[in-house]
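An overview of the molecular structure
One-letter residues, chain by chain:
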Amino acid sequence: LTDLIAMGFGFQIVADSEHVLLTRLSPDGRTMESTTVNPTSILTGNAPNIALRPGDRVIVPEGREYRQNYRVEIEGEVVRPGQYPITKNMTRLSEVIREAGSFTADANIRGATLMRARVSPLELPDEIEREQLLSMRASLGDQDSAYYLTETALRIKGEVVSVDFHKLFVEGDSTQDVILRTFDRIIVPAKRRTVYVFGQVISPGHIGYQEGERVAFYIAKAGGYTKDARTGDVKVIKGNTRAWLDPGETTIEDGDYIWVPKDQYYPFSYYINVYAQVAGIIGAAATVALLIRTIR
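Summary of the structure given here. These numbers were taken from a predicted model, which means no experiment stands behind them.

1. Details of the side chain of Asp-184
- Secondary-structure assignment places Asp-184 in the loop between helix H6 (165-169) and strand E8 (185-188).
- Judged by relative accessible area, Asp-184 falls into the buried class, the value being 1%.
- There is a polar contact of 2.9 Å between the side chain of Asp-184 and the backbone nitrogen of Arg-181.
- Each residue touching Asp-184, except ones within four places of it in the same chain, is listed here: Arg-71, Val-72, Glu-73, Leu-114, Met-115 and Arg-116.

So this is what it looks like as structure tokens:
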């Protein structure tokens, strides 16, 4: 074996020289034996050499390289934004924030997010398209399908990691200190100190943020509802995730949006058409009931 290695001018630098596969066919060529050998031990005299036979095959695999360019990116209100190297399955969120010099005085820590790539930015476009096609296999109705595909398109661009930056960095909750993965993006927005109210209010625009205040406070500051406002369907749109929530499902935070939809008005002909359809259904039901009664 050592002669064969010498004839090949030794191992390449990337070779796994401790796990070499030696395969040997039987004389009739119908069976094969496979053995893993360690040429490094043979070359150092710690294992006996191996005499090769005609037809033997020696396969030297490539050693796995663990020193890859694992990295994350920090954007926004930290002292030193940019890319930072991490160690696979070991580096935590707090470590990277510390390397970046921590948050600036203007950082909106409650609004910070950690985004995780579903498909690596280095992947070929075909891989991204494949992920999109796999996500279209669900059997849903038209409305649900359209909504699902929208959410899937956003998810492929980046999945939100469930972590509360305020609990971790202000309250000291270490359970929020997640392990980072390569290509993660940490986004720390600046404090806006406003809540944006728009839709069917008298004076849409930015309203000064007041901690603890609810939707009614900001609606009043925006001049109140217009006569066309659909007040029962007001939504709070979170500034960091853009999730649409009912006012009772969340508290208003700096940078959030409040949306007041418009009430739907239909022409008189629309109601005439609806009444006609209802009357037709009632008439058909009455006819069926009369036929059943007659048969009895």
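2. With respect to the sheet that holds strand E11 (residues 235-237)
- With mixed pairing, 5 strands are arranged side by side in an open sheet as E10-E9-E13-E11-E12. Each of the sheet's edge strands pairs with one partner strand only, and the pair in question is strand E10 (205-208) and strand E12 (244-245).
- Bridge count for strand E9 (residues 194-199) against strand E13 (residues 257-260) is 4 bridges, and the pairing is parallel. In the sheet register, Phe-198 faces E13, and the bridge partner there is Trp-259.

3. What to know about the sheet that holds strand E4 (residues 71-76)
- Spatial ordering of the open sheet is given by E5-E4-E8-E6-E7, a layout of 5 strands whose pairing is mixed. Taken across any chain shown, the strands that pair with only one partner, and hence form the sheet edges, are strand E5 (82-85) and strand E7 (159-160).
- Of the strand pairs in this sheet, strand E6 (residues 113-116) and E7 are connected by 2 bridges, and their pairing is antiparallel. Paired with Met-115 across the bridge in E7 is Val-160.

4. Brief notes about the pattern of salt bridges
- In total, this model carries 9 salt bridges according to the counting rule given.
- Linking Asp-56 and Arg-24 is a salt bridge whose minimum nitrogen-to-oxygen distance equals 2.6 Å. Taken together, the residues span a long stretch of sequence, with Asp-56 in the loop between helix H2 (39-43) and strand E3 (57-59) and Arg-24 in strand E1 (residues 20-25) at a distance of 32 residues.
- On the basis of relative accessible area, Asp-56 is assigned to the buried category, the value being 17%.
- Note that Lys-235 is salt-bridged to Asp-246, the shortest N-O span being 2.5 Å. Here Asp-246 lies in the loop between E12 and E13 and Lys-235 lies in strand E11, a separation of 11 residues in the sequence.
- A single salt-bridge network, built from bridges that share partners, covers Lys-238, Glu-253 and Asp-256.

5. Describing the side chain of Lys-238
- Among the secondary structure elements, Lys-238 is positioned in the loop between E11 and E12.
- Residue Lys-238 is classed as buried on the basis of its relative accessible area, which comes to 6%.
- A polar contact is formed between the side chain of Lys-238 and the backbone oxygen of Thr-251, at a distance of 3.0 Å.
- Beyond its immediate chain neighbours, meaning those up to four positions away, Lys-238 contacts Ala-243, Leu-245, Thr-250, Thr-251, Glu-253 and Asp-256.

6. Topic: the packing of aromatic side chains
- Counted according to the given criterion, the structure contains 7 aromatic pairs.
- Pairing Phe-198 with Tyr-257 gives two aromatic rings, centres 6.5 Å apart and planes at 75°, and the pair type is edge-to-face. Within this pair, whereas Phe-198 is found in strand E9, its partner Tyr-257 is found in strand E13, the two being separated by 59 residues in sequence.
- In this structure Phe-198 comes out as partly exposed when scored by relative accessible area, which is 25%.
- The buried category is assigned to Tyr-257, whose relative accessible area is 17%.
- Following the ring pairs from residue to residue traces out a cluster consisting of Tyr-196, Phe-198, Tyr-257 and Trp-259.

Each value, and the rule that gives it
- Chains are numbered independently. Their residues run from 1 in the order of the written sequence.
- Under the rules for a predicted model, residues below a pLDDT of 70 receive no local features and side-chain atom pairs below 80 are neither given nor counted, while totals for whole chains, interfaces and linings still include all residues.
- Excluding hydrogens and water, the side-chain figures rest on all heavy atoms present in the structure.
- Secondary structure counts use DSSP, requiring at least four H or I residues in a row for a helix and at least two E residues in a row for a strand, with both numbered from the N terminus.
- For every residue, the accessible area obtained with a 1.4 Å probe (protein chains only) is divided by the maximum for its type, and the residue is called buried under 20%, exposed over 50%, and partly exposed between those limits.
- Polar contact criterion, stated in full: a pair of N or O atoms within 3.5 Å, where within protein one must be able to donate a hydrogen and the other to accept it, and residues adjacent in sequence count only if both atoms are side-chain atoms.
- Pairs of residues are marked as contacts when any of their non-hydrogen atoms sit within 4.5 Å.
- Two strands pair under a simple rule: DSSP has to find at least two bridges between them.
- For salt bridges, the criterion is a side-chain nitrogen of Lys or Arg within 4 Å of an Asp or Glu carboxyl oxygen.
- Paired rings are identified among Phe, Tyr and Trp, the last through its six-membered ring, by centres lying within 6.5 Å, and are further divided according to the angle between planes into stacked (under 30 degrees), edge-to-face (over 60) and tilted (the rest).

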